[in-house]
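Structural description and commentary
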Amino acid sequence: MPTEFRRTCFLRCVLLFCMLFTAVDVLPAQAADRPNVLLISIDDLNDWVGCLGGHPQAITPNIDRLASLGTLFENAHCQSPVCNPSRASMMTGRYPHSTGIYFLSPDLKQAPALKGVKTTPEVFAANGYETMATGKLFHSGDRRFFDRYQPSGGFGPTPAEKISQPHGHPLWDWGAYPEEEDLMPDMKAARWAADQLSAQHDKPFFMGVGFYRPHVPMYAPQKWFDLHPLADIQLPLVRDNDRDDLSQYAVDLTNLKHVSPTHDWVTKAGQWKHAVQAYLASVSFADHCLGIVLDALQSSDYADNTIVVLFSDHGFHLGEKQRWAKRSLWEDGTRVPIIISAPSYKANQRTNQPVELIDLFPTLLELANLPTDHSQQGQSLVPLLVNPNQEWRHPAVTSFGIGNIAIRSTRYRFIQYLDGSRELYDHDTDPHEWNNLATNPEYASIIAQHARHLPPNQQPVLPGKSTGHQAYEAANTNMTNIPSTTIDE
């Protein structure tokens, strides 16, 4: 064989080998640049989950499993303790005080400040992602924001007559119902999501799965109540005089014109243990539905290339500070679970740095290698995925109407209300927020440090007739002192 021919064959073999090596090397990198996203919401979930320790009887093996696969943000908070503004803020990357959406209305599409602003799934769709969802991701109108949307049934089904609270809002009820879990919207959502994860997708996908429980009505099949026997239920720690060091405005804002039952009624009706049992049962049922989705993901072709984010839209009171439901600026109203599991990032991590739901949008953009949107007001949490203990200078900011702002740092919660009254709680010594330190001169510098993060400009409340609007108006009507420096018009 001539020398020149052998040399030519050798060079061709080398070239072919290099091409194959390059292809093998490049394809995984390209795949890593286009990870899938699985965004999971659990409505009205507070810290009553195993890994957060909010209630000693919480049974949430699947939330705990996800936490072991990623990073658990132990000090995470919503931007508003109400569904619509919280989800609108998270999905647009704008604070309520920047948009004017503070309550259950108006819809985010009606806010002038959000004109032309794309939501999280819309941005991913514009960057070549297939977007699909089921259940509740936005407050309403989810179909508008996804390529494909599968309704799951909302808050139903409901019995012919209420079970536990005969009066009040139709959704405010709790008890074992229905008999078959297949009738539950969350079960339908979980199975739909599992089917999508077992299918083949030509493009990277952005999938949203929104579970309705433990939102009222706190219904779940009997077996989930049996998991939490009524006789053994432990009630939250509550002080009868807890509100004695609060301003009248703070009490009014969280109690007037609300649709939830009063704590006085719940206790006198002998329903406190039953309601706590129903919440725990509803959480365990939602956790079971989450497990169906996680099992499907882990057995799918997408297990190693999917970002998983779990969140709730706000916290929930079950008697703490003598109140029920959300709509408060205290820890029970604002604290939420956030878990992020992403390819190539460490598992089984925890951080106590204060983070916010508004941070999820920029975090997903960075994890998916999509362009940064500098108009967003949140912070990417990727640095905390890399080092959960690194210095973090971004407190969590929560509002409930203009002038009512909570600032949560690693150690403290500072609240300023529209009437100028203030609260300060030291979570190192007072995790239940029983002792308001705002009038103690020893904490003047701490208050000043937190007050620097109060937003100087707050958009007016956009018109609406929601419960939040009514509660805000009622509290403001009773207010006797409005400092001119509280609001920047």
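As a reminder, the structure under discussion sits directly above these lines.
Some words on the overall build of the protein chain
Helix and strand counts for the protein chain stand at 15 helices and 17 strands. For a compact globule of 489 residues, the expected C-alpha radius of gyration is about 23 Å, and the protein chain comes in at 24 Å, within 12% of that figure. Across its three principal axes, the protein chain shows a C-alpha extent of roughly 100 × 55 × 40 Å. Within the protein chain, the fraction of its 489 residues that count as buried is 58%. Residue pairs at least 24 apart in sequence account for 73% of intrachain contacts in the protein chain once pairs closer than 6 positions are excluded. Working note: accessible area of the protein chain is about 20400 Å², and carbon and sulfur atoms make up 52% of it.

Considerations on unusual backbone geometry
Residue Ser105 is joined to Pro106 through a cis peptide bond whose omega torsion reads 5°. The omega torsion of the bond from Gly156 to Pro157 falls at -5°, within 30 degrees of zero and hence cis. You can see Pro157 is positioned in the loop between strand 4 (148-150) and strand 5 (174-176). Even without being a glycine, Asp44 presents a positive backbone phi close to 60°. In this structure, Asp44 sits in the loop between strand 1 (36-42) and helix 2 (61-69).

Quick notes on the state of the cysteines
On inspection of all chains with the given rule, the structure shows 0 disulfides. The thiol of Cys78 is not disulfide-bonded; the next cysteine sulfur, from Cys83, is found 9.9 Å away. Among the cysteines around Cys289, which has no disulfide bond, Cys51 carries the closest sulfur, lying 17 Å off.

Some thoughts on the pattern of salt bridges
Per the counting criterion, the structure on display carries 21 salt bridges. Measuring nitrogen to oxygen at the nearest pair gives 2.9 Å for the salt bridge that ties Arg335 to Asp47. A residue pair is termed long-range when its members are at least 10 positions apart, and Arg335 in strand 11 (residues 335-341) and Asp47 in the loop between strand 1 and helix 2 qualify at 288 residues. By relative accessible area, which is 14% here, Arg335 ends up buried. On the accessibility criterion, Asp47 (13% relative accessible area) is buried. The partner of Glu391 in a salt bridge is Arg393, and the shortest N-O contact between them spans 2.5 Å. Note on accessibility: Glu391 and Arg393 belong to one class, exposed.

Conventions used here
Residues numbered from 1 in each chain as written. Predicted model: local features only at pLDDT ≥ 70, side-chain atom pairs only at ≥ 80, totals over all residues. Heavy atoms only, no water. Helix = DSSP H or I, 4+ residues; strand = E, 2+ residues; numbered from the N terminus. Rg over C-alpha atoms; globule rule 2.2 N^0.38 Å. Buried < 20%, exposed > 50% of the residue type's maximum accessible area, 1.4 Å probe, protein only. Contact = heavy atoms within 4.5 Å. Areas by Shrake-Rupley, 256 points an atom, 1.4 Å probe, with all protein chains shown as cover. Disulfide = S-S within 2.5 Å. Salt bridge = Lys/Arg side-chain N within 4 Å of Asp/Glu carboxyl O.

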